[in-house]
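Structure at a glance
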Amino acid sequence: MRSLTMADDPEAVEPPVVKPFLSQRLGEGLTTFRYVRQDDSSRLVACVRYAWRVVEPGADVLMWAATEDVTRLMQAADDLEQLAHSLTVYDPWTSDP
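Notes on the structure follow. From a predicted model like this one, the values you see are computed outputs, not experimental measurements. (Residues numbered from 1 in each chain as written. Predicted model: local features only at pLDDT ≥ 70, side-chain atom pairs only at ≥ 80, totals over all residues. Heavy atoms only, no water.)

**What about the side chain of R34?**
Convention followed: Here a strand is any run of E in DSSP of at least two residues, a helix any run of H or I of at least four, and the numbering for each starts at the N terminus. Only protein chains enter the accessibility calculation, which uses a 1.4 Å probe; a residue whose area is less than 20% of its type maximum is buried, one above 50% is exposed, and one in between is partly exposed. Pairs of N or O atoms within 3.5 Å make up the polar contacts considered here, provided that, within protein, one atom can donate a hydrogen while the other can accept it, and that residues adjacent in sequence are counted only when both atoms are side-chain atoms. Any two residues having at least one pair of non-hydrogen atoms within 4.5 Å are treated as being in contact.
Relative to the assigned elements, R34 resides in strand 2 (residues 27–37). Judged by its relative accessible area of 6%, R34 is buried. A distance of 2.5 Å separates polar atoms of two side chains, one belonging to R34 and the other to D9. Other than its neighbours up to four places away in sequence, R34 contacts T5, M6, D9, A12, P16, V45, A46, C47 and R49.

See below:
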């Protein structure tokens, strides 16, 4: 999950903030917040990532958002958190219609 969330990103401007995240539907996951420089400018991009490893049906789930507008990302933090809590994996081979 550290790889999926880029928790150890060597390109991050400062060490990413890494926290465990518990979702009722997907279980234990990891979330990170980090800043990176854009390739074509000196502007920073704020990035947030959530990741889970779901044993059944054997899936990795990743949700992310990134923007130059750090304030906007911070204002959306609660909405992103709610969205992360609402995610689930639908497996058509084991789920009832």
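**Things to note about the nonpolar core**
Side chains that are nonpolar tend, in soluble globular proteins, to be buried together. The test is simple: Take the buried residues of types Ala, Val, Leu, Ile, Met, Phe, Trp, Tyr and Cys, join any two whose side-chain atoms come within 4.5 Å, and each joined set is a nonpolar core.
Ranked by size, the top nonpolar core spans 14 residues in total, and within it V48, Y50, W52, L73, L80 and A84 carry the most contacts. Counting only elements with at least two residues in this core, the list comes to strand 3 (44–54), strand 4 (59–67) and helix 3 (77–86). When residues in this core are grouped by element, the largest group, five residues, is from strand 3.

**Thoughts on the sheet that holds strand 1 (residues 17–23)**
Inclusion rule: Whether two strands pair depends on DSSP finding at least two bridges between them. Simply put, an axis is a line fit to the C-alpha atoms, just over the touching stretch for a helix, and the angle between two N-to-C directions goes from 0 to 180 degrees.
What the four strands build is an open sheet, ordered 1-2-3-4; its pairing is antiparallel. Two strands close off the open sheet at either side, each with one partner strand: strand 1 and strand 4. Ignoring which end each strand starts from, the neighbouring axes of this sheet average 20° apart. Across seven bridges, the pairing between strand 1 and strand 2 is antiparallel. Residue pairing in the sheet places P20 in a bridge with L30 of strand 2. Contacting strand 1, strand 3 and strand 4, helix 3 runs over the sheet at an angle of about 45° to strand 1.

**Some details on the pattern of salt bridges**
Here is the rule we go by: Every case where a carboxyl oxygen of Asp or Glu lies within 4 Å of a side-chain nitrogen of Lys or Arg is listed as a salt bridge.
For the structure shown, the criterion picks out four salt bridges. One salt bridge in this structure joins D9 and R34, with 2.5 Å as the shortest N-O distance. Of this pair, D9 sits in the loop between helix 1 (2–5) and strand 1 while R34 sits in strand 2, and the two are 25 residues apart along the sequence. Note that R53 is salt-bridged to D60, the shortest N-O span being 2.7 Å. Judged by relative accessible area, R53 falls into the partly exposed class, the value being 49%. Judged by its relative accessible area of 43%, D60 falls in the partly exposed class.

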